[in-house]
Amino acid sequence: MTLRNLRIGFLFNHDCTHQVSHTAPIVSELVRLGQDVTVITSSIEQEAHARRTIGACSDRIKYVRIDISRLSKAINVVARAVVPFRRIANLRENVDLFAGFDALVVPETTSALLKSHFRLDTRLIYFPHGAGDRSIGFRDVTRFFDLVLLPGTKTRDRMLEKRLIRHGHHAVVGYPKFDTVDMATRRRFFDNDRPTVLYNPHFDPVLSSWWDMGMEVLEWFAGQDKYNLIFAPHVMLFRRKMHISVEHRRMRLRRLIPPHLRNLPHIRIDTGSPYSVDMSYTLAADIYLGDASSQIYEWICQPRPCILLNSHGARWQGNPNYAHWNMGQVIDRVAELPHALAVAQEQQRVYAQRQEAAFQATFHTQPPETAAQRAAREIVYFLSQDKSPAA
């Protein structure tokens, strides 16, 4: 195989667009290296987001949209409440398309089914969407990928410790999403000078604070006049009414936000706009309020106060799944929130150094080369070698 005849597919197969920015920036860099790249999406929204992210090179890239059969669509109406049926069906029903590539680049692990169940021989290249600490990001399924590209040494070391990656089949390249963001731009979402809090709960029915504390948090902010609030949960939280955690064996029905909490001048509720995934809110706010989302690592690109909600009684100290809880105050009740907010700036003197160290361990940076450039170079190098496939 020569470098000029590599056919590389970038697969975006999800319900939302939040995974696109993690790998799409690599596309244009591969095109500059003379590679033949196809972007494969499962929705109009994902394709539009990919085109915006890739930008000027879009006219040199082929776009393909995949879909599932009528029978699968009918089954999905019922099955989607329990499993990501449509995503799995998209993989199974498009194996022939994927087989035409030398490699397929993906930002999630469901695609490992192509190797484990659907007998695809194409090389699978995995770049995690996010750089968080949840245990779900360090599962055995990672072993099915031929090449794993990683944002920093923190993730690499933990994967090595668990023997999820092997020598010659992984590389630390940085965080391509940062390549797409102007860190100096700070949008104004309120017409006052109050400190702005970003409340960013996860969707996991065990780890997320939304289920047991979220409504109380919104009610507290609604009744005070010292802070603005941006409520921007993980985009998947309001995508489904029912959430099931296979990992934690828990199912919960999502609550609706009552009308009296909407349209308040000091509260912005956003359950899934592009601002939720392009770091607009992350850069605009002054204090982060969250639980299990990896977005906290994007937050500390500019160290600022963090408050973490322990809604499920976690014994988090010394637990690598909660490493990010060392970067701010951890509270167990919403009643503790007013005090935590009042002392947030003062406490930041304690946590700033931890945040800076965590950022350096989590994200590899080596200017002037960007993360996307390093990733493209590693992909081409890997595919040009005679590597044995993943187990």
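Relevant structure appears above.
Here the structure is a predicted model, which means the values were calculated and not measured.

Thoughts on the overall build of the protein chain
So, step 1. Each helix and strand counted, the protein chain has 13 helices and 15 strands in total.
So, step 2. In terms of overall dimensions, the protein chain is globule-like: its C-alpha atoms have a radius of gyration of 21 Å, near the 21 Å expected for 391 residues.
So, step 3. Dimensions of the protein chain, computed from the C-alpha atoms along their principal axes, are close to 65 × 50 × 40 Å.
So, step 4. Within the span of the protein chain, comprising 391 residues, buried residues form 55% of the whole.

Let's talk about the pattern of salt bridges
So, step 1. Going through the model one piece at a time under the given rule, you end up with 21 salt bridges.
So, step 2. Salt-bridge contacts for Arg333 lead to Glu336; the nearest nitrogen and oxygen are separated by 3.5 Å.
So, step 3. Connected via shared salt-bridge partners are Asp15, Arg87 and Arg240.

Quick notes on the sheet that holds strand β8 (residues 196-200)
So, step 1. With respect to topology, six strands assemble into an open sheet ordered β12-β9-β8-β13-β14-β15, the strand pairing being parallel. Looking at strand neighbours, the two that pair on one side only are β12 (267-269) and β15 (329-331), the edges of this open sheet. Between one strand and the next, the sheet's axes are offset by a mean angle of 20°, whatever the strand orientation.
So, step 2. Docked against the sheet, helix α12 (residues 344-362) engages β13 (287-290), β14 (306-309) and β15, running at close to 115° with respect to β15.

So, the sheet that holds strand β7 (residues 170-172)
So, step 1. Strand order in this open sheet of seven strands is β3-β2-β1-β4-β5-β6-β7, and the pairing throughout is parallel. Both edges of this open sheet fall to β3 (62-65) and β7, since each of them pairs with a single strand only. Neighbour-to-neighbour, the strand axes of the sheet open up by a mean angle of 20°, direction not taken into account.
So, step 2. In this structure, strand β1 (residues 7-12) lies alongside strand β4 (residues 103-106), joined through three bridges in parallel fashion. Bridge assignment links Phe10 to a residue of β4, and that residue is Val105.
So, step 3. Here helix α13 (residues 371-384) sits on the sheet and contacts β1, β4, β5 (123-126), β6 (147-150) and β7; the angle it forms with β6, its principal contact strand, is near 165°.

Considerations on the packing of aromatic side chains
So, step 1. A complete count under the given rule lists 18 aromatic pairs for this structure.
So, step 2. Seen from their ring centres, Phe178 and Phe363 are 4.8 Å apart, and the 65° between their planes marks the pair as edge-to-face. Taken as a pair, Phe178 in the loop between β7 and β8 and Phe363 in the loop between α12 and α13 lie far apart in primary sequence, 185 residues in all.
So, step 3. With relative accessibility at 14%, the residue Phe178 sits in the buried group.
So, step 4. Taking 4.8 Å as the distance between ring centres and 65° as the angle between the ring planes, the aromatic pair formed by Tyr322 and Trp325 counts as edge-to-face.

Some words on the pairing of β1
So, step 1. By the criterion of burial, β1 is predominantly enclosed, with five of the six residues buried.
So, step 2. Relative to strand β2 (residues 36-41), β1 is paired through six bridges, and the arrangement is parallel. What sits directly across from Leu11, in β2, is Ile40.
So, step 3. This β-α-β element, β1 to helix α1 (residues 20-32) to β2, shows right-handed connectivity.

Rules used throughout
Residues numbered from 1 in each chain as written. Predicted model: local features only at pLDDT ≥ 70, side-chain atom pairs only at ≥ 80, totals over all residues. Heavy atoms only, no water. Helix = DSSP H or I, 4+ residues; strand = E, 2+ residues; numbered from the N terminus. Rg over C-alpha atoms; globule rule 2.2 N^0.38 Å. Buried < 20%, exposed > 50% of the residue type's maximum accessible area, 1.4 Å probe, protein only. Salt bridge = Lys/Arg side-chain N within 4 Å of Asp/Glu carboxyl O. Pairing = 2+ DSSP bridges. Axes fitted to C-alpha atoms, helices over the stretch in contact; angles between N-to-C directions. Contact = heavy atoms within 4.5 Å. Phe/Tyr/Trp six-rings, centres within 6.5 Å; stacked < 30°, edge-to-face > 60°. Right-handed = clockwise from strand over helix to strand, strands pointing away.

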